[in-house]
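# Structural features, examined
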Amino acid sequence: MLQPVRREKKCRVCTTRFTPSRPLQVACCPDCAQTLARRNREKAEKRAATIERQKTRAALEALKPRAKWLAECQAIANRYARVRDAKEGCISCDRSASWQGQWHGSHFRSVGAASAVRLNLWNIHKACSICNHHLSGNIARYKPRLIQKIGLEKVEWLESQNQVVRHDIEYLKRYKRVMGKRLRMLEKRNAMQVQKGRFA
């Protein structure tokens, strides 16, 4: 009986061309076979660890209370406003973008007074910590600058939003996913502009 002709293969470890002595052989020698077996085992262990982490994360998220989801969404909204307004100074005073202090995401309508717009980006703008924290937003100076920035119609709409809104967890999950993606894209675009020298 004629033996089948075996075609040359490339070793998956050292890439040497070799003629296999048995079907399904993918390594040229025992050393390469051991190396390949170790790599496959490490890959399998890594895959199993990733799956375990995903299961743990899903279990923790299932237990996460609404307040935690809301806090995470608020942090994303505030950061988005700071990144979006990176080239601008404080919305409430004359401190320029070059100020070396701490910047906040400042709400025109406060979180407590207007839950309906606490995550709305028209309502959140970059402000210095002095105006936002120590002067409670410095609203007297915030409002005219906000009108100049987004227009009177939008500011009046913000002022009319007095209903109590309780976002459910599913809404907050979607918000975090969508706004998190938008934030990463904005940060990436800003970083590219900095590299090109266009972000001054």
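Higher on the page you've got the structure.
Residues numbered from 1 in each chain as written. Predicted model: local features only at pLDDT ≥ 70, side-chain atom pairs only at ≥ 80, totals over all residues. Heavy atoms only, no water.

## Focus on the state of the cysteines
Worth spelling out the cut-off: To count as a disulfide, a pair of cysteine sulfur atoms needs to be within 2.5 Å. With a 1.4 Å probe rolled over the protein chains alone, any residue whose accessible area is under 20% of its type maximum counts as buried; one over 50% counts as exposed, and the rest are partly exposed.
One pass over the structure, following the stated rule, counts 0 disulfides. Here Cys-14 stays unpaired: no disulfide links it, and the sulfur of Cys-28, its closest cysteine neighbor, is 3.6 Å away. The thiol of Cys-93 is unpaired, and the distance to the nearest cysteine sulfur, on Cys-90, comes to 3.6 Å. For Cys-93, a relative accessible area of 7% corresponds to the buried category.

## Remarks on the environment of Asn-162
Here is the rule: Comment: elements are numbered from the N terminus, with helices defined as DSSP H or I runs of at least four residues and strands as E runs of at least two. N or O atoms closer than or at 3.5 Å make up a polar contact, with two conditions inside protein: a donor-capable atom paired with an acceptor-capable one, and, for residues adjacent in sequence, both atoms drawn from side chains.
Of note, Asn-162 is situated in the loop between helix 5 (152-160) and helix 6 (169-195). At 2.7 Å, the side chain of Asn-162 forms a polar contact with the side chain of Arg-109.

## A few points about the environment of Trp-99
Inclusion rule: Only heavy atoms matter for contacts: two residues are in contact if any of them lie within 4.5 Å across the pair.
Here Trp-99 is to be found in the loop between helix 2 (66-84) and strand 3 (103-107). Residue classification places Trp-99 among the partly exposed positions, given a relative accessible area of 24%. On a C-alpha basis, the gap between Trp-99 and Cys-128 in space is 8.5 Å, while along the polypeptide they are 29 residues apart. With sequence-adjacent residues up to four places away left out, Trp-99 is seen in contact with Cys-128, Ser-129 and Ile-130.

## Looking at the pairing of strand 3
Our working rule: What makes two strands pair is DSSP finding at least two bridges between them.
Burial within strand 3 is extensive, with 5 of its 5 residues counted as buried. Side chains of strand 3 alternate between two faces, with Trp-103, Gly-105 and His-107 and His-104 and Ser-106 buried alike. Sheet topology note: the strand 3/strand 4 (residues 124-128) ladder contains 5 bridges and is antiparallel. Of the residues in strand 4, the one forming a bridge with Ser-106 is His-125.

## Structural notes on the side chain of Asn-123
On the secondary structure map, Asn-123 appears in the loop between strand 3 and strand 4. Here the side chain of Asn-123 touches Arg-109 through a polar contact of 2.7 Å, landing on its backbone nitrogen.

## Observations concerning the nonpolar core
Counted only if it meets this: Think of a nonpolar core as a cluster: buried Ala, Val, Leu, Ile, Met, Phe, Trp, Tyr and Cys residues, connected wherever their side-chain atoms sit within 4.5 Å.
Ala-77, Tyr-80, Leu-119, Leu-172, Tyr-175 and Met-179 are the most contacted members of the largest nonpolar core, which has 16 residues in total. Among the elements of the structure, helix 2 and helix 6 are those that each provide at least two residues to this core. The element contributing the most residues to this core is helix 2, with 8 residues. With sequence-adjacent residues up to four places away left out, Met-179 is seen in contact with Ile-76, Tyr-80 and Leu-121. One finds Phe-108, Cys-131, Tyr-142 and Leu-146 within the second-largest nonpolar core, a separate group that totals 15 residues.

## Some remarks on the packing of aromatic side chains
Put simply, the test is: Whether two aromatic rings pair depends on their centres lying within 6.5 Å, for rings of Phe, Tyr and Trp, where Trp uses its six-membered ring; planes under 30 degrees apart make the pair stacked, over 60 edge-to-face, and the rest tilted. Lysine and arginine charges are scored as sitting over a ring when NZ or CZ, respectively, is within 6 Å of the ring centre and within 35 degrees of the ring normal.
All told, the structure shown has 4 aromatic pairs when counted by the stated rule. Taking the centre distance of 5.5 Å and the plane angle of 55° together, the rings of Phe-108 and Tyr-142 count as tilted. Residue Phe-108 is located in the loop between strand 3 and strand 4, and its partner Tyr-142 is located in helix 4 (residues 139-150); the two are separated by 34 residues in the primary sequence. Of the two residues examined, Phe-108 and Tyr-142, each falls in the buried class. Ring geometry for Trp-122 and Trp-157: centres 5.6 Å apart, planes at 85°, overall edge-to-face. Residue Trp-122 is found in the loop between strand 3 and strand 4, and its partner Trp-157 is found in helix 5; the two are separated by 35 residues along the sequence. When its relative accessible area of 35% is taken as the criterion, Trp-122 is described as partly exposed. For the cation-ring pair, Lys-64 lies above Trp-69, with the distance from its terminal atom to the ring centre recorded as 3.9 Å. We note Arg-95 situated over the ring of Trp-99; from NZ or CZ to the ring centre the distance is 5.6 Å.

Any functional reading would require information beyond the geometric quantities listed.
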